[in-house]
Amino acid sequence: MTTQIKLENVSKIFGSKPKSVIPMVKEGMSKDDILAKTGHTVGVYNASLEVKKGEVFVIMGLSGSGKSTLIRCFNLLNKPTTGSVYIDGEDIANSGKSTLKKVRQEKIAMVFQHFGLFNHRTVLANVEYGLEVRHYSREERRNIAMKNIEIVGLKGYEDKYPDELSGGMQQRVGLARALANDPDILLMDEPFSALDPLIRREMQLELLDIQERLQKTIIFITHDVNEAFKLGDRVAVMKDGHVVQIGTPEEIIEQPANNYISEFIKDIDRSKVIQAEHVMIKPNALVSTKDGLNVAIKEMEENNISSVFVVDRKREVKGLVTIDDAVKGIKEKKSLQDVMKTDINIVKRDEYVSDLIPKTLESSFPLAVVDEEEKLVGFILRVHVLAGLIADEPEKEGQVQ
Ligand SMILES: Nc1ncnc2c1ncn2[C@@H]1O[C@H](COP(=O)(O)OP(=O)(O)OP(=O)(O)O)[C@@H](O)[C@H]1O
Ligand SMILES: [Mg+2]
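Residues numbered from 1 in each chain as written. Chains lettered and ligands numbered in written order. Predicted model: local features only at pLDDT ≥ 70, side-chain atom pairs only at ≥ 80, totals over all residues. Heavy atoms only, no water.

### Topic: the overall build of the chain
Scanning the chain from N- to C-terminus turns up 17 helices and 16 strands. With the C-alpha coordinates of the chain rotated into their principal frame, the extents come out at 85 × 55 × 35 Å. Scored against the burial criterion, the 401 residues of the chain give a buried share of 49%. Partitioning the intrachain contacts of the chain with sequence separation of at least 6 by distance along the chain shows that 64% fall at a separation of at least 24. For the chain, the exposed surface amounts to about 19700 Å²; the carbon and sulfur share of it is 47%. (Helix = DSSP H or I, 4+ residues; strand = E, 2+ residues; numbered from the N terminus. Buried < 20%, exposed > 50% of the residue type's maximum accessible area, 1.4 Å probe, protein only. Contact = heavy atoms within 4.5 Å. Areas by Shrake-Rupley, 256 points an atom, 1.4 Å probe, with all protein chains shown as cover.)

Encoded structure:
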């Protein structure tokens, strides 16, 4: 994946002589002390990060930690005190006005927390706004706006005014307006925090759905850890203007960089973050559909296990054979195919543990974990699922049962 946005040592200090404060932060002076001593506020200090094309990158942190200040550096609504902001390889923080204007009009759009709609304009006219600024013809404007109104599920409301809509609907208008410019990058500063929980969840799912269809690069701010982990491919955690950790939700849960982050993720529902592939065990032993029962028994004996998966040549799971059934089968002169169990539970490797729990309970055999091509990549026992919910790492003993 290509890098779309790269921030290099970006700092933003508020005050009359911002640059003069940088050495103090460098020496480790706290944000509070700097404010008391100099009257300057450290908005962001020395942030470096990269966002890939098509990624959902979440910025999370407590109120005042610098999230908005940082996201506003992405499109230079805040001009960094120091550092570089590369968009598609071009440093917009250190180039001329025309480059910036072009990037703002063509590459980046922003969705705000309080919608920022024009109340005297209809839904359609709000969505058309950016296109008007760019001198699109009336007909083009209308077509593009209508298409995006439909994408966000507001078809039929185009002639209404913002104050005739619910909060959730107004935020959809904000989203449609941003999408209408067909930006590569969407900046979203706490876009859903004014919405009630039910609508909020609905909007989260819809955003993921739109992202899947349109493949935008999304920078999303929230101080809700569950929202961050649900939406983010990767999450950056901020504290007092510093980016303290960047990682996938799984990485952050498994290895929080410090106590601040541990405290933050304390209430997270692990079962909705940890996926099958994080708790599964890679199988040491497998038998093929063309093998006989003697081979199956030998595999199980050598690996000290009491059941083994049967796969075909493409490594697709066909069944599972237990040692007892194999021994009995040999006595009764049966084949591997005769005695293998075929009613096994197969799960995808990106299924969440919350969905796996009922499946492990209904079956006394391991769950088979498969990849996108239905190939067997691992197996899961009930104990692994439970370990995934509480411990750092499940025991990787490489054995079935
Ligand atoms: N324009 C400004 N002038 C002076 N200080 C500012 C300005 N904007 C932000 N700050 C300060 O920078 C710090 C970071 O603020 P910021 O708005 O980025 O926080 P945030 O993480 O977005 O918080 P919230 O979750 O409340 O939106 C705060 O201490 C704030 O007071
Ligand atoms: Mg903010």
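After that view of the structure, there is still more to cover.
### Describing helix α6 (residues 138-151)
With 14 residues, α6 extends 20 Å between its outermost C-alpha atoms, agreeing within 8% with the 20 Å of an ideal straight helix rising 1.5 Å per residue. The set of residues buried in α6 consists of Arg-141, Ala-145, Asn-148, Ile-149 and Ile-151. End-on view of α6: buried residues confined to an arc of 150°, all on one side of the axis. Exposed positions of α6 whose direction lies more than 90 degrees from the buried face are Glu-139 and Lys-147. Where α6 is buried, its residues touch α5 (123-133), α7 (167-180) and α8 (197-214). In the segment just after α6, Gly-153 is the residue with positive phi, at about 80°. (Expected span 1.5 Å × (residues − 1). Arc of directions from axis to C-beta.)

### Points about the site of ligand 1
Surveying the vicinity of ligand 1 reveals 14 residues, the closest of which are Ser-63, Gly-64, Lys-67, Ser-68 and Thr-69. A distance of 2.5 Å separates an oxygen atom of ligand 1 from a polar side-chain atom of Ser-63. Isolated, ligand 1 exposes 630 Å² of accessible area, and the fraction of that covered by the protein chains is 61%. Contributions of two or more residues to the shell around ligand 1 are made by β2 (41-52) and α3 (67-74). At three residues, the largest contribution of residues to the shell around ligand 1 is made by α3. For the shell around ligand 1, the class distribution of residues is two nonpolar, nine polar and three charged. (Near = heavy atom within 4 Å. Polar contact = N/O pair within 3.5 Å; in protein donor to acceptor, adjacent residues only side chain to side chain. Nonpolar A, V, L, I, M, F, W, Y, C, P; charged D, E, K, R; others polar.)

### Here we look at the nonpolar core
Counting 47 residues, the largest nonpolar core has Leu-175, Leu-186 and Phe-229 as its most contacted members. Considering each element in turn, this core owes the most residues, seven residues, to α7. Grouped together as the second largest cluster of nonpolar side chains are 28 residues, Val-10, Phe-74, Ile-92 and Ile-108 included. (Core = buried A, V, L, I, M, F, W, Y, C linked by side-chain atoms within 4.5 Å.)

### Digging into the environment of Val-103
Mapped onto the elements, Val-103 comes out in helix α4 (residues 97-106). Note on Val-103: relative accessible area 6%, which makes it buried. In this structure, the C-alpha to C-alpha distance between Val-103 and Ile-92, residues eleven residues apart in sequence, is 8.2 Å. Apart from the residues within four sequence positions on either side, Val-103 is in contact with Ile-87, Ile-92 and Ile-108.

### Things to note about unusual backbone geometry
Not every positive phi belongs to a glycine, and Glu-190 is a case in point at roughly 45°. Locating Glu-190 in the fold gives a position in the loop between β7 (185-189) and α8. Owing to a relative accessible area of 10%, Glu-190 belongs among the buried residues under this scheme. Of note, the phi angle at Gln-215 is positive, near 55°, even though the residue is not glycine. Residue position: Gln-215 is located in the loop between α8 and β8 (217-222).

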